[in-house]
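# Residue-level structural notes
Chain by chain, the residues:
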Amino acid sequence: MGKPDTRRLDREISKTTRKLEAVRRGEMWPLTSAERRAVIGALAGGSYRVLRGKSTGRQENRLDSLSSSVETRLTAELTALHMERARVVREAAAAKAAKKSSGWW
């Protein structure tokens with residue numbers, strides 16, 4: 001019995017890690033469409049208030065909370081992928097041990 005096939009999970013883990021790093025840098029490509037709309041709405045509202053010479057505190061808070069929620073979502077996805085990979089490796093090890101113990105000797 002060979003190594004467990006975790007290539008697909010490893011690929012998803014690296015993709016999610018890149019998305020998380022991009023969100024921390026402030027990039028928009030990893031966001032879902034609803035998150036993008038919320039960011040653009042907050043930016044538009046903030047720019048309007050700047051144009052009027054008013055405070056942008058509420059829009060800044062919206063952007064901060066949106067950023068933290070996206071990070072939380074991606075971190076949860078990453079944790080789930082790591083747990084799934086560990087499960088696959090654990091099952092492969094158990095199958096290998098069962099095969100060894102049921103040998104002729």
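The rules behind these values
Residues numbered from 1 in each chain as written. Predicted model: local features only at pLDDT ≥ 70, side-chain atom pairs only at ≥ 80, totals over all residues. Heavy atoms only, no water. Salt bridge = Lys/Arg side-chain N within 4 Å of Asp/Glu carboxyl O. Helix = DSSP H or I, 4+ residues; strand = E, 2+ residues; numbered from the N terminus. Buried < 20%, exposed > 50% of the residue type's maximum accessible area, 1.4 Å probe, protein only. Expected span 1.5 Å × (residues − 1). Arc of directions from axis to C-beta. Axes fitted to C-alpha atoms, helices over the stretch in contact; angles between N-to-C directions. Parallel < 35°, antiparallel > 145°, perpendicular 65-115°, else oblique. Left-handed = near helix turned anticlockwise from the far one by under 90°. Contact = heavy atoms within 4.5 Å.

### A short note on the pattern of salt bridges
Taken as a whole and assessed by the stated rule, the structure comprises 9 salt bridges. The salt bridge involving arginine 87 is made with glutamate 84; its shortest N-O contact spans 2.4 Å. Here glutamate 84 and arginine 87 lie together in helix 3 (residues 57–101), a separation of 3 residues that amounts to about one turn. Look at arginine 87 and you get partly exposed, because its relative accessible area is 30%.

### Section: helix 2 (residues 33–51)
Between its first and last C-alpha atoms helix 2 spans 27 Å; for 19 residues at 1.5 Å apiece the expected length is 27 Å, and the two agree. Residues Glu35, Val39, Ala42 and Gly46 constitute the buried set of helix 2. Relative to the axis of helix 2, the buried residues are bounded by an arc of 65 degrees and lie together on one face. Facing away from the buried surface of helix 2 by more than 90 degrees, the exposed residues are Arg37 and Leu51.

### Some words on the packing of helix 1 (residues 7–25) against helix 3
The geometry of helix 1 relative to helix 3 is characterised by a closest axis approach of 10 Å and an angle of 160 degrees between their N-to-C directions. The orientation of helix 1 relative to helix 3 falls into the category roughly antiparallel. The chirality of how helix 1 crosses helix 3 is left-handed. Contact residues: Leu9, Asp10, Glu12, Ile13, Thr16, Thr17, Lys19, Leu20, Val23 and Arg24 in helix 1; Ser67, Val70, Glu71, Leu74, Thr75, Glu77, Leu78, Leu81, His82, Glu84, Arg85 and Val88 in helix 3.

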